Amino acid sequence: MEIAGEKIYPIGLGTWHMGDDPAKKTAELKALTAGLAQTTPDAKVAVDTAEMYGEGNAEKLVGAALRTIKRDSIYLISKVYPWHASKKQLPQSLDASLKRLNTDYLDLYLLHWPGDTPLEETVVAMESAKQAGKIRNWGVSNFDVTELKALAKIPAGKNCVANEVLYNLGSRGIEFDLLPYMKENKLPLIAYSPVAQGDSLGNQFLADEVLQSLAQKHQCTIFQLLLAWAIRHDNTLAIPQSSNQQHVLANFAAAKISLTEVEWELIATHYPAPTKKQPLAVL
C-alpha cells in the first residue's frame, strides 16, 4: 500500500499498551526489532505510536528499537492529543515525541481524534511542522465522514494523507459511508485493532467454525486470516499490536495469504457489511 507516494508493507506494528511494564521490556523490544527487520527497499515497515500510549512510554520503547535499524528504512507514525493540537502546543508535543523516539522527524503525524481546538488551527500547526522538516506528512485519526468533509473545506485540509480508525471483521461500520468517501478522495486507511485486540472484544472469532475451516485450509491461524481480510483492499495499512516476537512474524506473514472470491463471500455472508449508517466505533 502507499501513503503519500511512500510504499509501505500492508501490515505494520502497533504499540498501544506497550512500554508500561519494565518486566516486559525485553520481550517487547525483541518483538519490535523483529518487525522492523522485515522492512525492505520495496516496502517500508510502519510502526504506529502516540504520545497518549503510556504517556510517552510506548514512544520511548520505539525509540530504543529504532537504534537497531537505519531510521529512513522504516515508516514512523505518531499522534498528538487533541488538546495539544494548537499552534502553540503542537510544536512542543511534537518535539517531546521526537525526543522520546530518538529521531528528528516523523513520516506521519496524526491528530489522535477530533477535539475542541479549531481544525483550521491544527492544520496550520501541522503545515508549519512539515515546513520545518519535523514531519513528512500529517493526517487524522478517528475521523468520520462529517469531520473529513469539514477538514476538506480548510484550504490546506487537502494535505491530509491518511485516516486511522477502528476496523476489523467484527466492526465493519465504516464500510457504509466512510470507506467509500475515503476511496473517492484517495485517502488511505490505517486500521487499528485489526484482530479485535486478540479476539477480546466479544466476537468469538476463535470459536467460529467457518473461520476455523478457512484457516485450516490455508494453513494459517485465525488471527492471520483476520489480518488478511483487513488488508484485502490495496489502500489499507493494518497495525496489530503484539509483544511476542513469533506473533509479530506471523502477523507479517499474513500479507501473503490469498483467498478466493468465493471464500471472501463466505466470510462476508457470515459477517455481513453494514446496510445503514453506524456511529464511528472507537476504543
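Just so you know, these numbers come straight off a predicted model, no measurement behind them.

What counts, and where the lines are drawn
- Residues numbered from 1 in each chain as written.
- Predicted model: local features only at pLDDT ≥ 70, side-chain atom pairs only at ≥ 80, totals over all residues.
- Heavy atoms only, no water.
- Helix = DSSP H or I, 4+ residues; strand = E, 2+ residues; numbered from the N terminus.
- Buried < 20%, exposed > 50% of the residue type's maximum accessible area, 1.4 Å probe, protein only.
- Polar contact = N/O pair within 3.5 Å; in protein donor to acceptor, adjacent residues only side chain to side chain.
- Core = buried A, V, L, I, M, F, W, Y, C linked by side-chain atoms within 4.5 Å.
- Contact = heavy atoms within 4.5 Å.
- Phe/Tyr/Trp six-rings, centres within 6.5 Å; stacked < 30°, edge-to-face > 60°.
- Lys NZ or Arg CZ within 6 Å of the ring centre and 35° of its normal.
- Axes fitted to C-alpha atoms, helices over the stretch in contact; angles between N-to-C directions.
- Parallel < 35°, antiparallel > 145°, perpendicular 65-115°, else oblique.
- Pairing = 2+ DSSP bridges.

Engineer: Looking at this structure, how should I read the side chain of Ser-73?
Structural biologist: Examined against the element boundaries, Ser-73 turns out to sit in the loop between helix H2 (57-66) and strand S5 (74-80). A relative accessible area of 19% places Ser-73 in the buried class. Within the local environment of Ser-73, its side chain forms a polar contact with the backbone oxygen of Lys-70, the two atoms lying 2.6 Å apart.

Engineer: So what exactly am I meant to see when it comes to the nonpolar core here?
Structural biologist: Nonpolar side chains in soluble globular proteins tend to end up buried together. Grouped together as the largest cluster of nonpolar side chains are 75 residues, with contacts concentrated most on Leu-211 and Ile-267. Ranked by residue count, the leading element in this core is helix H9 (residues 222-230), at seven residues. With near-sequence residues (within four places) excluded, Ile-267 lies in contact with Leu-169, Leu-211, Leu-214, Trp-229 and Leu-259. Ranked by size, the runner-up nonpolar core spans 15 residues in total, among them Ile-3, Ala-46, Ile-77 and Leu-110.

Engineer: Where do I start with H2 in this structure?
Structural biologist: Each α-helix turn comprises 3.6 residues. Residues three or four places apart therefore point the same way. Along H2, eight of the ten residues are buried, which leaves the element largely enclosed by surrounding structure. Looking at H2, one finds that the buried residues are Ala-58, Glu-59, Leu-61, Val-62, Gly-63, Ala-64, Ala-65 and Leu-66.

Engineer: How should I be thinking about unusual backbone geometry in this particular structure?
Structural biologist: It is generally the case that most residues other than glycine have a negative phi and that most peptide bonds are trans. The phi dihedral of Ala-4 is positive, around 50°, even though this residue is not glycine. For Ala-4, a relative accessible area of 47% gives the class partly exposed. Its identity is not glycine, yet Asp-199 carries a phi of approximately 60°, on the positive side. When you line up the elements, Asp-199 lands in helix H7 (residues 196-199).

Engineer: Which parts of the structure should I look at to understand the packing of aromatic side chains?
Structural biologist: Aromatic ring pairs are defined here through the distance separating the ring centres and the angle between the ring planes. Evaluated as defined, the whole model comprises seven aromatic pairs. For the ring pair Trp-16 and Tyr-53, a centre distance of 6.1 Å and an interplane angle of 25° mean the geometry is stacked. Remark: Tyr-53 occurs in the loop between strand S4 (45-48) and H2 and Trp-16 occurs in the loop between strand S3 (13-14) and helix H1 (25-36); sequence separation between them is 37 residues. Given a relative accessible area of 7%, Tyr-53 falls into the buried group. Centroid distance Tyr-81 to Trp-113: 6.2 Å. Interplanar angle 85°. Geometry classified as edge-to-face. A residue pair is termed long-range when its members are at least 10 positions apart, and Tyr-81 in the loop between S5 and helix H3 (89-101) and Trp-113 in the loop between strand S6 (106-111) and helix H4 (119-131) qualify at 32 residues. For Tyr-81, a relative accessible area of 7% puts it in the buried group. Positioned above the aromatic ring of Tyr-105, the side-chain terminus of Arg-71 is 3.9 Å from the ring centre. Over the ring of Trp-229 we find Arg-232, and its NZ or CZ is 3.9 Å from the ring centre.

Engineer: How do you make sense of the side chain of Asn-163 when you look at a structure like this?
Structural biologist: Take Asn-163: it is sitting in strand S8 (residues 160-166). Owing to a relative accessible area of 0%, Asn-163 belongs among the buried residues under this scheme. One polar contact links the side chain of Asn-163 to the main-chain carbonyl oxygen of Phe-143, over a distance of 2.9 Å. Apart from the residues lying within four places of it in its own chain, the contact partners of Asn-163 are Val-140, Ser-141, Asn-142, Phe-143, Leu-148, Leu-178, Met-182, Leu-187, Pro-188, Leu-189 and Ile-190.

Engineer: Can you walk me through the packing of H2 against H3 in this structure?
Structural biologist: It is at 7 Å that the axes of H2 and H3 come closest, and there the two elements cross at 45°. Classed by the angle they form, the pair H2 and H3 counts as oblique. Contact with H2, carried on its side by Glu-59, Lys-60, Val-62, Gly-63 and Leu-66, involves Ser-97, Arg-100 and Leu-101 of H3 and no other residues of that element.

Engineer: Can you walk me through the pairing of strand S10 (residues 236-239) in this structure?
Structural biologist: Regular strands show a simple pattern: their side chains alternate between the two faces of the sheet. Alternating residues of S10 divide into Thr-236 and Ala-238 and Leu-237 and Ile-239, and every residue in both groups is buried. Inspection of the sheet shows strand S9 (residues 189-192) paired to S10 by four bridges, in the parallel sense. By the bridge assignment for S10, Leu-189 is matched with Thr-236.

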